[in-house]
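One-letter residues, chain by chain:
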Amino acid sequence: MLTVTDRPVTEGAAATGEVSPEALLRRCVHCGFCLATCPTYRLLGEENDSPRGRLDLMAQFLDGGPSGPEALRHLDRCLECRACETTCPSGVAYHRVLAQVRPRLAVRHPRPLHRRLLRCLLGRLLPWPERTAALLDLAGHFAFLLPGGLRRRLPPRRLLPRRPPPAAPDLLVLGGCIQSVTHPQTNRDLATLLAAGGWSLEELEHPACCGALNAHLDQRPLAEDHMKAWIRTWEQRSRAVGRPLGILAVASGCALHLREYGDYFATDPAWGARARAFAAAVRDPAELVTPDQVRGLARHSPWRRLVFHVPCTLAHGLGTGERVRALLEAAGFTLLPDPDPWRCCGAAGAWSLLHPRLARRLLEARLARLPLAEADAIVTANLGCQLQLASGTDLPVVHWVELLGAAQVRGAAQGTSAGRRSR
Ligand code: SF4
Ligand code: SF4
């Protein structure tokens, strides 16, 4: 029997424990190395839209110095991509400072009313699949009224009949709040891929959301509701099968958030230990699929030449980008050279809806340097990137799980029909 403890925890998994923002800020030596990789600094060229500038703004606020709505505007423009953390030689945990300071700044200097309303609306709609589905249906009916750019960004709604769960699964997979409405097939493809390695997977319909959307919108109580629901469900399901189940999410943004539950509840006596146990059970799908399992699958795919867009959450959070690359290469795909392999596409969860013009410019900058003319498709690992990239190109944009899972199904079907023909 396979258990999740048979597999290694990804290197770079988040350390738990909450450190004061003042202590974290003291690590910054103002060298400015992070500026070169910050998407908003590269785009806007403003010190206050760079990691160093934002850290200074937060330090000023904590010191009781001048701060105001303008400072919050610069912090809100941050994509939380963590490229700065990968570049920083001093190990400044920028996202931890931001997560602790920005909500306090927003209480002192509330955002303009229209911004608060939009954030409130997004935080109360998107994490619930039934609400997102209703919203997409409504938008579909009135698409002719929408501006062209927005119309193009609307993903189609897809429905799949649910399948009965296995009696004793090894792993639970997040259904996904938006994913379950727009890309329900990806979890099916994941089940197919993992079954080849002997893993059985149960998809959870509820809770659907990992809490990341609300957390990034500084809506902590809502985020905690989703997170506690997940911890409770995992504990109950693990008790029912008599061993700790592994936890998966195919969207790398969700997987990273699940893996950091321990940080969110670090100082909570009731939930801290439970959240840490939960986080330790989270795996990235790329840790469970092996190159041998997928070898040669590219011959069953309609596409061969791919651009691999590595999501920020994979590159700077989970650290599994190279594993995905190795799987794609083992499958026989040709990965075209990417001159900016870590460049953000401007999705960043709800960020692209809050900052549509900046998101569009980041997307155009990302696409402009990719060898799209030679590619058959773009492959990535995060739903947000998938939707964002698809809004700017006519090429198919697929999740690597979808690509390999579909190739495996096609390969099996071809093998079966070839077998029938030869009989
Ligand atoms: S998280 Fe990304 S956008 Fe935010 S400061 Fe760091 S590099 Fe810039
Ligand atoms: S965050 Fe790191 S890379 Fe950026 S200025 Fe500070 S020490 Fe230098």
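Bear in mind the structure is a predicted one, so any value in this text is a computation, not a measurement. (Residues numbered from 1 in each chain as written. Chains lettered and ligands numbered in written order. Predicted model: local features only at pLDDT ≥ 70, side-chain atom pairs only at ≥ 80, totals over all residues. Heavy atoms only, no water.)

Caption draft 1: Fine view of the overall build of the protein. Regarding its fold elements, the protein presents 24 helices and eight strands. Every one of the 423 residues in the protein was classed for burial, and the buried ones make up 53%. Considering only contacts within the protein whose residues lie at least 6 apart along the sequence, 75% involve residues at least 24 apart. Carbon and sulfur atoms form 57% of the exposed surface of the protein, whose accessible area is close to 18600 Å². (Helix = DSSP H or I, 4+ residues; strand = E, 2+ residues; numbered from the N terminus. Buried < 20%, exposed > 50% of the residue type's maximum accessible area, 1.4 Å probe, protein only. Contact = heavy atoms within 4.5 Å. Areas by Shrake-Rupley, 256 points an atom, 1.4 Å probe, with all protein chains shown as cover.)

Caption draft 2: The arrangement of the site of ligand 1 in detail. The immediate surroundings of ligand 1 are formed by C38, P39, P51, R54, C78, L79, E80, C81, R82, A83, C84 and Y94. Counting atoms within 2 Å of the grid points, the majority share of ligand 1 lands in the second largest cavity. Secondary structure elements with two or more residues in the shell around ligand 1: α3 (51-62) and α5 (83-87). Residue composition of the shell around ligand 1, by class: nine nonpolar, no polar and three charged. (Near = heavy atom within 4 Å. 1 Å grid on protein atoms, 1.4 Å probe; cavity = no way out; pocket = protein on both sides within 12 Å on 5 of 7 lines; lining within 4 Å. Sits in = over half its atoms within 2 Å of the grid points. Nonpolar A, V, L, I, M, F, W, Y, C, P; charged D, E, K, R; others polar.)

Caption draft 3: Here's a closer look at helix α16 (residues 272-280). Taken together, the buried positions of α16 are G272, A275, F278 and A279. An end-on view of α16 places all buried positions within 130° of arc, on one side of the element. Those residues of α16 hidden inside the fold are in contact with α13 (220-241), β3 (246-248), α14 (252-259), α15 (261-264) and β4 (282-283). (Arc of directions from axis to C-beta.)

Caption draft 4: How the structure looks around the sheet that holds β4. Reading across the sheet, the four strands line up as β2-β1-β3-β4 and stay open at both edges, with parallel pairing between neighbours. Each edge of the open sheet carries a strand with a single partner, namely β2 (201-204) and β4. In the sheet, β3 pairs with β4 via two bridges, with the strands oriented parallel. Bridged to L248 within β4 is R283. Set on the sheet, helix α11 (residues 185-195) makes contact with β1 (171-174), β2 and β3; between it and β2 the angle comes to about 165°. (Pairing = 2+ DSSP bridges. Axes fitted to C-alpha atoms, helices over the stretch in contact; angles between N-to-C directions.)

Caption draft 5: Empty space enclosed by the protein, seen in detail. Inspection of the entire model under this criterion finds four cavities of 30 Å³ or more. There is about 120 Å³ of room inside the largest cavity. What lines the largest cavity is a set of 15 residues, among which C28, C34, L55, C88 and V92 lie closest to the centre. Looking at the lining of the largest cavity, the elements with two or more residues in it are α3 and α5. A total of three residues in the lining of the largest cavity trace back to one element, the largest contributor, which is α3. Empty space within the second largest cavity amounts to approximately 90 Å³. If you go around the second largest cavity, you meet 13 residues; those closest to its centre are C38, R54, C78, C81 and C84. Counting residues per element, the ones that place at least two in the lining of the second largest cavity are α2 (39-44), α3 and α5. (Points joined across faces, edges and corners; volume = space filled by probe spheres on them.)

Caption draft 6: Quick peek at the nonpolar core. Ranked by size, the top nonpolar core spans 74 residues in total, and within it L194, Y261, F278, V294, L328 and W400 carry the most contacts. With six residues, α13 is the largest single contributor of residues to this core. Two domains each provide a minimum of three residues to this core, namely domain 2 (158-287) and domain 3 (291-411). Every residue in contact with Y261, bar those within four places of it in the chain, is listed here: C210, H226, M227, W230, I231, A275, F278 and A279. One finds L25, L35, Y94 and V97 within the second-largest nonpolar core, a separate group that totals 24 residues. (Core = buried A, V, L, I, M, F, W, Y, C linked by side-chain atoms within 4.5 Å. Domains from an automatic or database assignment.)

Caption draft 7: Just the site of ligand 2, in detail. C28, C31, G32, C34 and C88 are the nearest of the 13 residues found near ligand 2. Placement of ligand 2 is best described as lying within the largest cavity. Looking at the shell around ligand 2 residue by residue, the class counts come to nine nonpolar, three polar and one charged.

Caption draft 8: Representation of the packing of aromatic side chains. As enumerated under the stated definition, the model contains four aromatic pairs in all. Aromatic pair W230 and F278: ring centres 5.9 Å apart, planes at 70°, arrangement edge-to-face. Of this pair, W230 sits in helix α13 while F278 is found in helix α16, placing the two residues 48 residues apart along the sequence. On the accessibility criterion, W230 (0% relative accessible area) is buried. Among the residues examined, F278 registers a relative accessible area of 0% and is labelled buried. Members of the aromatic cluster, each reached through a chain of ring pairs, are W230, W234, Y261 and F278. (Phe/Tyr/Trp six-rings, centres within 6.5 Å; stacked < 30°, edge-to-face > 60°.)

Caption draft 9: Fine view of the environment of S180. Within the element layout of this structure, S180 appears in helix α10 (residues 179-182). Along the backbone, S180 and C209 are 29 residues apart, and their C-alpha atoms lie at a distance of 9.8 Å. Residue contacts for S180: discarding those within four places in its chain leaves P129, R158 and G175.

Caption draft 10: Representation of helix α4 (residues 69-76) within the structure. Taken as a whole, α4 has its buried residues at A71, L72, H74, L75 and D76. Elements in contact with the buried residues of α4: α3, α6 (94-108), α7 (113-125) and α21 (351-354).

Caption draft 11: Inspection of the packing of α3 against α6 at higher detail. Following both chains from N to C, one finds α3 and α6 inclined at 50°, their axes separated by 10 Å at the closest point. It follows that α3 is oblique to α6 by the angle criterion. At the point where α3 passes α6, the crossing takes the left-handed sense. From α3, P51, R54, L55, M58, F61 and L62 reach across to α6, where they touch Y94, V97, L98, V101, R104, L105 and R108. Its residues placed into classes, the contact of α3 with α6 shows ten nonpolar, no polar and three charged. (Parallel < 35°, antiparallel > 145°, perpendicular 65-115°, else oblique. Left-handed = near helix turned anticlockwise from the far one by under 90°.)

Caption draft 12: The pairing of strand β5 (residues 305-308), seen in detail. As judged from the two bridges shared by β5 and strand β6 (residues 334-335), these two strands associate in the parallel manner. Among the inter-strand pairings, R305 is bridged to a residue of β6, identified as T334. Examined bridge by bridge, β5 and strand β7 (residues 377-380) share three bridges and lie parallel to one another. Within β7, the residue paired with F308 across the bridge is V379.

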